[in-house]
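# Structural characterization, general
Take a look at the letters that make up each chain.
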Amino acid sequence: MAALKVAVVGAGVVGLSTALCIAEAFPACSLTVIADRFTPNTTSDVAAGMLIPHTIPGTSLHVQKQWFKETFTYLFAISNSAEASEAGIHLVSGWQVFKSSPTEELPFWSDIVLGFRPMSEAELQKFPQHRCGQAFTTLKCDCPSYLLWLEKRLKAKGVQMYTRKVANLWELHSEYNIVVNCTGIGAHQLVGDQKLFPVRGQVLKVRAPWVKHFVRDGDGLTYIYPGIHNVTLGGTREKESWNLSPDPSTTKAIFDRCCSLEPSLQRAQDIKVKVGLRPSRVCVALHREVLSQGGAKLLVVHNYGHGSGGFSMHRGTAKEAAHLVGECIAALQGSSLRAKF
């Protein structure tokens, strides 16, 4: 039979990773990535790209841990290769500090990151406002570099990329056998998902090459994440805000909070402000669906709604989405075989 045509809609970290997993698992498919925005204009480009997961209330910890472990293992291998600098992936050590003891003794991901341990008294002297903390080494993606690297890998596998605004998944049914929806916050309008809501994040990207260690305040609202080219300072978590305009008073508050953790940032230069909308819901939308109209059918796989955990779990959920695409392929091949007999 002719090669099955698969379209992935969305070109953020989840969309490109899902496309790569499909291309790796099913090389015989004809694969296309369609998006109205590619890097450097995606939500993923704003993200800090740190592999420190946030717990998703509606998804079992066992599943979240598996997604994180698969992502960490995948990125760790890249960080340990000649591709590391081009892909923008590197190891970074640092501290998560708390003003009062955290409710959970050990986060679910503590045995996946490297060298997780309680902070020493000597280390805590750096943070006089904080009572306790945890030290560990994790991975950081410099997002635009990583997205470009993913695009390059896809093009090498013959994957087509088109800039196009998709208003309705059904409009793709005449061109593709299977459509994979990785549109992030765009799914709110595209598929009318009322459980999906934006959590606005404002961050600063600054030049401070002397900052080598990450610092994350316990609630995750204030953080300093050094990358290869700049340091990301954050942040905000504003539920249900669709506002993409930077707010100057928020910029000042973020900068002041980060300087209280790392006073040397007062000398930071080249400050750029970025805003993104995290696609949040009580659990990641990761499932199959059949759309039908007038006897015609379109097989759809959804993979969106990662909230602030997109980078921490992207490879794990992409592999699962590719597995669901495999089920769709089997269903289509089975029906075409039945049609022949």
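Scoring rules and cut-offs
Residues numbered from 1 in each chain as written. Predicted model: local features only at pLDDT ≥ 70, side-chain atom pairs only at ≥ 80, totals over all residues. Heavy atoms only, no water. Pairing = 2+ DSSP bridges. Helix = DSSP H or I, 4+ residues; strand = E, 2+ residues; numbered from the N terminus. Axes fitted to C-alpha atoms, helices over the stretch in contact; angles between N-to-C directions. Contact = heavy atoms within 4.5 Å. Phe/Tyr/Trp six-rings, centres within 6.5 Å; stacked < 30°, edge-to-face > 60°. Buried < 20%, exposed > 50% of the residue type's maximum accessible area, 1.4 Å probe, protein only. Lys NZ or Arg CZ within 6 Å of the ring centre and 35° of its normal. UniProt positions renumbered as here; feature names shortened; annotations may be inferred. Core = buried A, V, L, I, M, F, W, Y, C linked by side-chain atoms within 4.5 Å.

## Some thoughts on the sheet that holds strand S2 (residues 30–35)
Strand order in the open sheet formed by six strands is S6-S2-S1-S7-S15-S14, and the pairing between neighbours is mixed. With one partner strand each, in any of the chains shown, strand S6 (160–163) and strand S14 (285–293) form the two edges of the open sheet. Going from strand to strand, the sheet's axes swing by 20 degrees on average, the running direction of each strand aside. Bridge count between S14 and strand S15 (residues 296–304): nine bridges; the pairing is antiparallel. Directly across from Leu291, in S15, lies its bridge partner Leu298.

## Some thoughts on the environment of Ala7
As for its placement among the helices and strands, Ala7 is situated in strand S1 (residues 5–9). Sequence spacing of Ala7 and Ala19 is twelve residues, and the spatial spacing of their C-alpha atoms is 8.5 Å. Contact partners of Ala7, with chain neighbours within four places excluded, come to Thr32, Ile34, Tyr176, Ile178, Val179 and Val180.

## Side note on the packing of aromatic side chains
Considering all chains together, one arrives at eleven aromatic pairs under this definition. A ring pair is formed by Tyr146 and Phe311, whose centres lie 6.4 Å apart and whose planes are at 50 degrees; its orientation type is tilted. Of this pair, Tyr146 sits in helix H5 (residues 143–156) while Phe311 sits in helix H8 (residues 310–340), placing them 165 residues apart in sequence. Residue classification places Phe311 among the buried positions, given a relative accessible area of 5%. By the ring-pair criterion, three or more aromatic residues cluster together here, those being Trp109, Phe116, Phe136, Phe214, Tyr223 and Tyr225. The ring of Tyr74 carries the charged tip of Arg315 above its face, separated from the ring centre by 3.9 Å.

## Regarding the UniProt feature "domain: FAD dependent oxidoreductase" (unreviewed entry) in the protein
Mapped onto this numbering, the UniProt entry gives "domain: FAD dependent oxidoreductase" (unreviewed entry) at residues 5–324. Taken end to end, residues 5–324 comprises 27% helix and 31% strand; its first and last C-alpha atoms sit 15 Å apart.

## Brief notes about the nonpolar core
Counting 68 residues, the largest nonpolar core has Val33, Leu75 and Tyr146 as the members making the most contacts within it. Per-element accounting of this core gives the leading share, nine residues, to H8. In this structure, Tyr146 is in contact with Val13, Ser17, Tyr74, Leu75, Ala87, Ile89, Cys141, Phe311 and His314, ignoring residues within four places of it in sequence. Membership of the second largest hydrophobic core comes to 21 residues, among which are Val97, Ala135, Leu233 and Cys259.

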